[in-house]
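Given next are the chains, with one letter for each unit.
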Amino acid sequence: MAAWSRGYAAASPYRIAFQVAQNPGHLAVVCAMAGVDWQPHEALRVADLGCGRGHAVNALAAANPGWTVLGIDTTPGQLAEGMELAARAGLGNALFLEADLARLSEAELERIAPLDVVMLHGVWSWVSDEVRAGVLRFLRHCLKPGGIAYLGYNALPAAGVDFALQRLLRHLAGDRQDAAAAALAMARLREVAPALPLRPSAMLTRLLADPPVLEPGFVAHEFLTAHWRPVFHEDLCGDLRAAKLDFVGSCNLFEALPALRCEPAENALLEALPEGGAREFGMDLFLPRGFRADLFIRGPRRVDPQAAMARLVLGATRPLPAESPSLGTGRGSVAMAEPAWEALAAALAEAEVLPLGELQRRIGPGAPKLAELLAILIGTELAAPVFRRPERKPAATRFNLAAAAQHHWAEGGHYALASPVAAGGLPANALELALAAALLDGADPDDPGALARRLEPGLEEDGLARAAARITEIWEARIPAWRRFGVI
Ligand SMILES: C[S@@+](CC[C@H](N)C(=O)[O-])C[C@H]1O[C@@H](n2cnc3c(N)ncnc32)[C@H](O)[C@@H]1O
């Protein structure tokens, strides 16, 4: 283990997994739902702490040429990848700093101009107390009054079940931390698991899957890191209070809907708890929230949530299905009644983008509440918030082309297509990245066969026909939305 990594498993790169909650536009939706006044503006300053390979940093910088986006990480190999892509895409507003968060001095922090947004996805529960103290110092010095912070972290009690499993894997890896050690530990775990009284968990099932479903590089970061430990939401809130941060809400929008959170009897128990930490703890007991995605603000200003939500403008990111999707959590599910869904789909198809209040008005009697509409449309990734007029921007195009060239289309993965309209990234797998890039490169949307031959020159006729059919399906589903969101 290298001393500079402070126990973090830094020997192999982390996988890229772009989250919609990394879009400040999504965070504005969370604020509106909670009745907190916050919106992105054209000169936003954003920092991604523990930015890994810098994909989110580059996507946000590309979608918003007026913003400054700073990525900080301690692992040089990962940063190099992000910096190279920023250079290839000509993103002068994507900045990268190699630094150990535990060691940034007050003088260094003073040199960072005040930030509007700080995000940490997958960092807080992975790092030592010293690094956490460094994060708090960073937030205290660098997040401006009224600024917001997003934290995605492993949460107790649900993630506690994996605590002993993590320790076991570290022993099975012989205290090494690279991807090869993780592969070895997973193989050993499969051998010893039948004889051990391990508590069942979703992660255990994934670790034992044969053939393996988890890449060893991911398992190294997740399980071979010395300080990994999930935390109670309340304790995180307590720590962040030192940086004057207050909890705004969960970035998983469905959690705002009582019918989806818990069964009715459980909801009654929750309602009896005092609002705040106790109620959140209660929800963590009922909902399997092993990973929480939470938003905080430094100095909340209140706004009427109904008015704030009504002003949000939405556009569809996929063709809306004929029937309402059912949003399910394992604890409950909701779907919209048929006439309301039909009216919603017709209104969005006709107008392309609509303020939420207007959408609700056009649905008419029986329309769901504004928060329900947001949960069902954004929570299922069928729609995204819209911040600008539909327009393609050169920086977003350069990023989308460079990202597609970097990630081979057969990998799957969770990436972002930079969208100036959404002021952030639209989630995409590697094939979608490749198809958007091909369109930007002049491919004929009416000739999927030619594109299949270009992407996969070695395929026989049968394979080519299958690839062309898959491409047609994705193109039909995605082209209108990519146009609407300024991607192509
Ligand atoms: C689990 S990864 C998450 C990466 C990225 N946020 C993402 O979601 O893809 C944690 C990241 O934190 C970084 N990290 C760990 N300790 C750090 C420290 N002391 N200072 C800065 N970055 C650190 C690691 O290098 C790694 O890239």
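Given the structure is predicted, the values throughout are model-derived calculations rather than measurements.

Draft legend 1. View of the overall build of the chain. Secondary structure assignment for the chain yields 21 helices and 14 strands. For 488 residues, the compact-globule estimate of 2.2 N^0.38 gives 23 Å, and the chain sits close to it at 23 Å. Along the three orthogonal principal directions, the C-alpha set of the chain runs to about 60 × 55 × 55 Å. The buried share of the chain, taken over its 488 residues, is 54%. Surface exposure of the chain reaches about 20500 Å², of which carbon and sulfur atoms provide 55%. Charged side chains in the chain number 46 positive and 55 negative. The centres of these two groups are separated by 5 Å.

Draft legend 2. Seen up close, the packing of helix α12 (residues 264-272) against helix α13 (residues 277-286). Interhelical geometry of α12 versus α13 gives an angle of 160 degrees and a closest axis separation of 9 Å. Between α12 and α13, the crossing angle belongs to the class labelled roughly antiparallel. In the crossing of α12 with α13, the sense of the turn from one axis to the other is right-handed. Residues E266, L269, L270 and E271 of α12 form the contact with α13, whose participating residues are R279, G282, M283 and F286. Tallied by class, residues from the contact of α12 with α13 come to four nonpolar, one polar and three charged.

Draft legend 3. Seen up close, the sheet that holds strand β7 (residues 291-297). Read across the open sheet, the seven strands follow the order β3-β2-β1-β4-β5-β7-β6; overall the sheet is mixed. Across the chains shown, the open sheet's two edge strands, defined by having one partner strand only, are β3 (94-98) and β6 (246-250). Strand-to-strand twist in this sheet, taken as the mean axis angle between neighbours without regard to direction, amounts to 20 degrees. In this sheet, β7 lies alongside strand β5 (residues 143-154) in antiparallel orientation, the contact comprising seven bridges.

Draft legend 4. Structural view of the state of the cysteines. Taken as a whole, this structure holds zero disulfides when the rule is applied. Between C142, a free cysteine, and C51, which holds the nearest cysteine sulfur, the sulfur-to-sulfur gap is 15 Å. The buried category is assigned to C142, whose relative accessible area is 0%.

Draft legend 5. Up close: the pairing of strand β4 (residues 115-121). Among the seven residues in β4, seven count as buried, and that is most of the element. Relative to β4, strand β1 (residues 45-49) runs parallel, the two sharing three bridges. Note on β4: the bridge partner recorded for V46 is V117. Pairing of β4 with β5 involves six bridges; the strand directions are parallel. Opposite L120, over in β5, you have L151 as the bridge partner. Assessed by its sense of winding, the connection that carries the chain from β4 through helix α5 (residues 129-142) to β5 is right-handed.

Draft legend 6. Broad picture of the packing of aromatic side chains. The final tally for this structure, using the stated rule, is six aromatic pairs. Aromatic side chains F163 and W228 sit 6.1 Å apart centroid to centroid with 75 degrees between the ring planes, which places their arrangement in the edge-to-face category. Of this pair, F163 sits in helix α6 (residues 163-172) while W228 sits in the loop between α9 (216-223) and α10 (233-241); the two residues are 65 residues apart in sequence, bridging distant segments of the chain. Here a set of aromatic residues connected by ring pairs shows up, and it is made of F163, F223 and W228. Sitting over the ring of F218, R15 keeps its end group 3.8 Å from the ring centre.

The rules we used
Residues numbered from 1 in each chain as written. Predicted model: local features only at pLDDT ≥ 70, side-chain atom pairs only at ≥ 80, totals over all residues. Heavy atoms only, no water. Helix = DSSP H or I, 4+ residues; strand = E, 2+ residues; numbered from the N terminus. Rg over C-alpha atoms; globule rule 2.2 N^0.38 Å. Buried < 20%, exposed > 50% of the residue type's maximum accessible area, 1.4 Å probe, protein only. Areas by Shrake-Rupley, 256 points an atom, 1.4 Å probe, with all protein chains shown as cover. Lys, Arg positive; Asp, Glu negative; His and termini not counted. Charge placed at Lys NZ, Arg CZ, Asp CG, Glu CD. Axes fitted to C-alpha atoms, helices over the stretch in contact; angles between N-to-C directions. Parallel < 35°, antiparallel > 145°, perpendicular 65-115°, else oblique. Left-handed = near helix turned anticlockwise from the far one by under 90°. Contact = heavy atoms within 4.5 Å. Nonpolar A, V, L, I, M, F, W, Y, C, P; charged D, E, K, R; others polar. Pairing = 2+ DSSP bridges. Disulfide = S-S within 2.5 Å. Right-handed = clockwise from strand over helix to strand, strands pointing away. Phe/Tyr/Trp six-rings, centres within 6.5 Å; stacked < 30°, edge-to-face > 60°. Lys NZ or Arg CZ within 6 Å of the ring centre and 35° of its normal.

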